[in-house]
Amino acid sequence: MPGLSKKKDTGKEIKDADQDKGLFQRLQQGLLKTRSTFTGRLDRLFLGKKEITDDLLEELEEILFTSDIGVTTTQELIDSVQEKVVRKELKDPEKLKDALRDHILSFLKVTEVPHPVPEPGEPLVILVIGVNGVGKTTTIGKAAQRFRMEGKQVMLVAADTFRAAAVEQLVVWGERVEAEVIRQKTGADPSAVVFDGLTAAISRKIDVVFIDTAGRLHTKTNLMEELSKIHRVAGRKLPGAPHEAWLVLDATTGQNAISQVEMFNKALGLSHIILTKLDGTAKGGIVVGILQQFKIPVKYIGIGEKLDDLRPFNAEDFVQAIFD
Amino acid sequence: MFESLTEKLNSTFKKITGRGRLSETNVRDALKEVRLALLEADVNYKVVKKLVEDIRERAVGQEVLQSLTPGQQIIKIVNEELIRLMGGAKKGLELLGRTPHSLMLVGLQGSGKTTTAAKLARCLLKQGRKPYLIPADVYRPAAIDQLEKLGAQIDVPVYPTDPALKPEEICLDALSKAGGEGADLLLIDTAGRLHIDEALMAELVRIKKEIRPGEILLVADAMTGQDAVNVAKNFNDSLDITGVILSKMEGDARGGAALSIKAVTGKPIKFIGVGEKMDALEPFYPDRMASQILGMGDVLSLVEKAQAEFDEKEARKLEKKLKKNEFDLEDFQSQLRQMKKLGSLEQILGMLPGTGQMKNLKQLKPDEKELIKVEAIINSMTREERKNYKIINGSRRQRIARGSGNRVQDVNRLLKNFTQTKKMMEHISKRGFANMESFFR
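Quick summary incoming for the structure in this document.

Cut-offs and rules
Residues numbered from 1 in each chain as written. Chains lettered and ligands numbered in written order. Predicted model: local features only at pLDDT ≥ 70, side-chain atom pairs only at ≥ 80, totals over all residues. Heavy atoms only, no water. Helix = DSSP H or I, 4+ residues; strand = E, 2+ residues; numbered from the N terminus. Buried < 20%, exposed > 50% of the residue type's maximum accessible area, 1.4 Å probe, protein only. Contact = heavy atoms within 4.5 Å. Areas by Shrake-Rupley, 256 points an atom, 1.4 Å probe, with all protein chains shown as cover. Pairing = 2+ DSSP bridges. Axes fitted to C-alpha atoms, helices over the stretch in contact; angles between N-to-C directions. Expected span 1.5 Å × (residues − 1). Core = buried A, V, L, I, M, F, W, Y, C linked by side-chain atoms within 4.5 Å. Salt bridge = Lys/Arg side-chain N within 4 Å of Asp/Glu carboxyl O. Polar contact = N/O pair within 3.5 Å; in protein donor to acceptor, adjacent residues only side chain to side chain. Nonpolar A, V, L, I, M, F, W, Y, C, P; charged D, E, K, R; others polar. Parallel < 35°, antiparallel > 145°, perpendicular 65-115°, else oblique. Left-handed = near helix turned anticlockwise from the far one by under 90°. Phe/Tyr/Trp six-rings, centres within 6.5 Å; stacked < 30°, edge-to-face > 60°. Lys NZ or Arg CZ within 6 Å of the ring centre and 35° of its normal.

1. Comments concerning the overall build of chain A
In terms of helices and strands, chain A carries twelve helices and eight strands. The burial tally for chain A puts 56% of its 324 residues in the buried class. Counting contacts in chain A only where the partners sit at least 6 residues apart, residues at least 24 apart contribute 78% of the total. Roughly 13800 Å² of accessible area belongs to chain A as shown, and the carbon and sulfur atoms make up 53% of that amount.

The structure is reproduced here in structure tokens:
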């Protein structure tokens, strides 16, 4: 294996405070967070309310806005509720709650975007992209672990040749999940690393290849072009590759996420969205409008820094969490 | 940076401009739009509510100054409120008492602490300080490596962190070694953490207790949404931060987080990060930022930026030329040469008054690859041609094209673009400068 990283800052991924907590306890914590229906914001709001008032609607609007569900989507949701109230289809605050949930769910239920699948015997190639600091490398580590648990051979390609020590960071993850990391030195042409990586993956009969790219703001034309080049080079080495392009979004991000999805989708055509950092207090409501507009499914959510902290997206749980 | 909010507010005020005097109705209409624009810009819901209330109180019943339209009057009030909220005059670092001083960077994962630490170190080095970078992130893989590499790039010593130690032990040991390294200022890069992670927040409190840093700066992503208030509040409650650095300001985020964080912590925003390069750190100017939000441009910022990188004489020349619209290809060429230092053309144009209102500015946005081509073409011109582009006839165009390895069409396109840019600048200097100056007297 080429270039093992220095050992010094590896292996400390489990924080002291969590060390003695078992998986069960952590799961419980997680569930408490997403399912505390009793004390949820929405239920508190509706508690003891007999009719739908303007105040109630305003408070509803606050919940939606503070979840980062943007202006357009919030207005659409509130307008539709208001219409129903005016048409007397909705009188009961309890029903209003259900109507709102269903409406948001209808936005979130998105079918798969058509994307190529690997030929038998060829690796599945996944390109992971996003702006700086959203958690691309961590997501790759955790996603690689999921495939490893299924017994798949995984390879990681270090195409972030720009940021200092980005390669080393991926190498540490490679060690953790026992996946080979294909790398060149910092400053190398990322497309060349990808070409190398795919060559190695094909000859070694690897099942899944993750390409880790440098974080880039979607407004930087030249960096977006670099991404298109990586995409092209991958396809030249292995027709159909990359089969999937995952955009990693930080749940803490506000309305700018829309611009991110738009630009990255325009440059490459996204197959999936990964929503990270949902373990904080941010609700990630921005994806509601994004899914409504772009119809790109959320594949996973990130809920922590540990190996198993990447979970499939569940629309019902997600909506529940918005109102908690 | 705030273009989108700018555009939004401008279109709002265009609607109420010329509808007679400021009345309760047009205040209400305008504020509806201001509210949505601010929400769209990610300003926190509660902060927006308070801000809009404050503006309403001030605006309704206020007499419109004779020289202003109602729209301008409201822009003036909104502008003043934004400045007030974002904190008045600019604030630098306050590091007092005996050296070595310490400064601690804290924040969520991925907000840009490590990059910011190195940028700050470089900036302080330039000011004659002797910074010492302390990697105290023992959790994220290769975080220590990253800071070591950045330190080497900018020629600043980096403390050789032993990741087996606790962060507070690392900082204490680094403090004791600072003198030996000839350092007078410790820059502590802490691990990214969630504001609700009690164990890790307690770790920061322990570092603070041991080191007593003069500055604790929260590094926050300019793209942050509504959650900015929760993050800032928790960090401030635990650590009593001394200020904020807003990172990733070079994108197209509307940056409402700036307003939210200031409103909830009361702590000044001291710097903004505007790129991945080591010199992409700038002071934060609330007044300039507010006028930028409102599309009144930022000539001051432009001039200052130019002064720092060009010599003063050249900056004055540029400013004068921009104002008088005497901008020729010669200036364009020297500008291209300075481009890397000065920031992108788009950034520069964004700082000029009136450009925020120009929707088509986005189409004029220069492609960085295109710029290389353009520079080659201009380099192939004679000085005379650069001074007066009108003399560039067909045969000259052919020569220039051959000389620069381009096609004649490329030369034609450049000249066309240049005349367009000149026209645009004419437009700015007429409608931008003149208009704005009369407007805020």
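Next comes the rest of the write-up.
2. Here's the deal with the sheet that holds strand β6 (residues 272-276) of chain A
Residue and element names in this part refer to chain A. The strand order across the open sheet built from eight strands is β3-β2-β4-β1-β5-β6-β7-β8, with neighbouring strands paired in mixed fashion. Of all strands in the sheet, those with a lone pairing partner are β3 (180-182) and β8 (310-312), marking the two edges. Going from strand to strand, the sheet's axes swing by 25° on average, the running direction of each strand aside. Looking at chain direction, strand β1 (residues 124-129) and strand β4 (residues 208-213) are connected through five bridges and run parallel. The residue of β4 that forms the bridge with Leu127 is Ile211. Contacting β1, β2 (154-159), β3 and β4, helix α8 (residues 190-203) runs over the sheet at an angle of about 165° to β2.

3. Some points on helix α6 (residues 143-154) of chain B
Over its twelve residues, α6(B) runs 17 Å from end to end, which matches the ideal 16 Å to within 8%, given 1.5 Å per residue. Along its buried surface, α6(B) packs onto α7 (166-177) of chain A together with α5 (113-126), β2 (131-136) and β3 (185-190) of chain B. Asp155(B) sits one or two residues past α6(B) and shows a positive phi near 65°.

4. Regarding the nonpolar core
Note that soluble globular proteins tend to have their nonpolar side chains buried in a common cluster. If you look at the biggest cluster of nonpolar residues, it comprises 98 residues, and the most contacted ones within it are Leu108(A) and Phe210(A). Among the elements that take part in this core, helix α5 (residues 93-108) of chain A stands out by supplying seven residues, more than any other. Counting residues in hydrophobic clusters, the runner-up holds 69 residues, among them Met104(B), Val106(B), Ala220(B) and Ile272(B).

5. Details of the interface of chain B and chain A
In this complex, chain B contributes 48 residues to the contact, which on the side of chain A involves 48 residues. Among the salt bridges present, the one from Glu58(A) reaches Lys49(B), with a minimum N-O distance of 3.2 Å. On the surface where chain B and chain A come into contact, there are 17 residue pairs in polar contact (both at pLDDT 80 or more). When residues of the side of chain B that touches chain A are traced back to their parent elements, those giving at least two are α2 (24-40), α3 (45-59), α6, α8 (198-211) and α17 (368-379) of chain B. Ranked by the residues each element gives to the side of chain B that touches chain A, the list is headed by α6(B), at seven residues. Residue classes in the side of chain B that touches chain A are distributed as 20 nonpolar, nine polar and 19 charged.

6. Remarks on the environment of Leu56(A)
Residue and element names in this part refer to chain A. One can find Leu56 in helix α3 (residues 54-66). Here Leu56 falls in the buried class, since its relative accessible area comes to 0%. The sequence separation of Leu56 and Gln260 amounts to 204 residues, and the corresponding C-alpha distance is 33 Å.

7. Topic: unusual backbone geometry
Note that the residue after Ala241(A), namely Pro242(A), is joined by a cis bond; omega there is -10°. Within the secondary structure, Pro242(A) sits in the loop between α9 (221-237) and β5 (244-250). In the segment running from Thr99(B) into Pro100(B), the intervening peptide bond is cis, with an omega of -5°. Its location among the elements puts Pro100(B) in the loop between α4 (70-86) and β1 (101-106). Of note, the phi angle at Asp68(A) is positive, near 70°, even though the residue is not glycine. Tracing the backbone shows Asp68(A) in the loop between α3 and α4 (71-86). Residues other than glycine seldom take positive phi values, yet Ala142(B) does so here, at roughly 70°. With respect to the helices and strands, the residue Ala142(B) is situated in the loop between β2 and α6.

8. Digging into the pattern of salt bridges
Residues and elements named next belong to chain A. The tally for this structure, following the rule as stated, stands at 35 salt bridges over all chains. Taking the shortest distance from any N to any O, the salt bridge between Glu226 and Arg216 comes out at 2.9 Å. Residue Glu226 is found in helix α9, and its partner Arg216 is found in the loop between β4 and α9; the two are separated by ten residues along the sequence. Taking relative accessible area as the criterion, Glu226 reaches 26% and is therefore assigned partly exposed. With a shortest N-O distance of 3.0 Å, Lys277 and Asp250 are connected by a salt bridge. Taken together, the positions of Lys277 in the loop between β6 and α11 (286-294) and Asp250 in strand β5 put the pair 27 residues apart, joining distant regions of the chain. Neither residue differs from the other here; Lys277 and Asp250 are each classed as buried.

9. Remarks on the packing of helix α6 (residues 136-149) of chain A against α7(A)
Residue and element names in this part refer to chain A. The N-to-C vectors of α6 and α7 enclose an angle of 20°; their axes lie 10 Å apart at closest approach. Overall, the two elements α6 and α7 adopt an arrangement that is roughly parallel. The two elements α6 and α7 cross, and the hand of that crossing is right-handed. From α6, Thr137, Thr138, Ile140, Gly141, Lys142, Ala144, Gln145 and Arg148 reach across to α7, where they touch Gln169, Leu170, Trp173 and Val177. Split into classes, the residues belonging to the contact of α6 with α7 amount to five nonpolar, five polar and two charged.

10. Focus on the pairing of β3(B)
Two faces, one strand: in a regular strand the side chains alternate between the faces of the sheet. Residue and element names in this part refer to chain B. Judged by how many residues are buried, β3 sits mostly within the fold: six of six residues are covered. The side-chain alternation of β3 yields two buried faces, one formed by Leu185, Leu187 and Asp189 and the other by Leu186, Ile188 and Thr190. Note that β1 and β3 share five bridges and pair parallel. Bridge assignment links Met104 to a residue of β3, and that residue is Ile188. With six bridges joining them, β2 and β3 adopt parallel strand pairing. Paired with Ala136 across the two strands is Thr190, which belongs to β3.

11. A few points about the packing of aromatic side chains
If you walk through the whole model with that rule in mind, you get six aromatic pairs over all chains. When the centroid spacing of 5.3 Å and the interplanar angle of 55° are considered together, the rings of Phe313(A) and Phe318(A) count as tilted. Here the two residues Phe313(A) and Phe318(A) agree in accessibility, since each one is buried. Relative to Tyr159(B), the ring of Tyr132(B) lies with its centre 6.3 Å away and its plane at 85°, an arrangement referred to as edge-to-face. Taken together, the residues Tyr132(B) in strand β2 and Tyr159(B) in the loop between α6 and α7 (167-178) connect sequence positions 27 residues apart. Across the pair, Tyr159(B) and Tyr132(B) agree in class, each one buried. Three or more aromatic residues joined by ring pairs form one cluster here, namely Phe147(A), Phe210(A), Trp246(A) and Tyr300(A). Geometry around Trp173(A) places Arg176(A) over its ring, the cationic atom sitting 4.5 Å from the centre.

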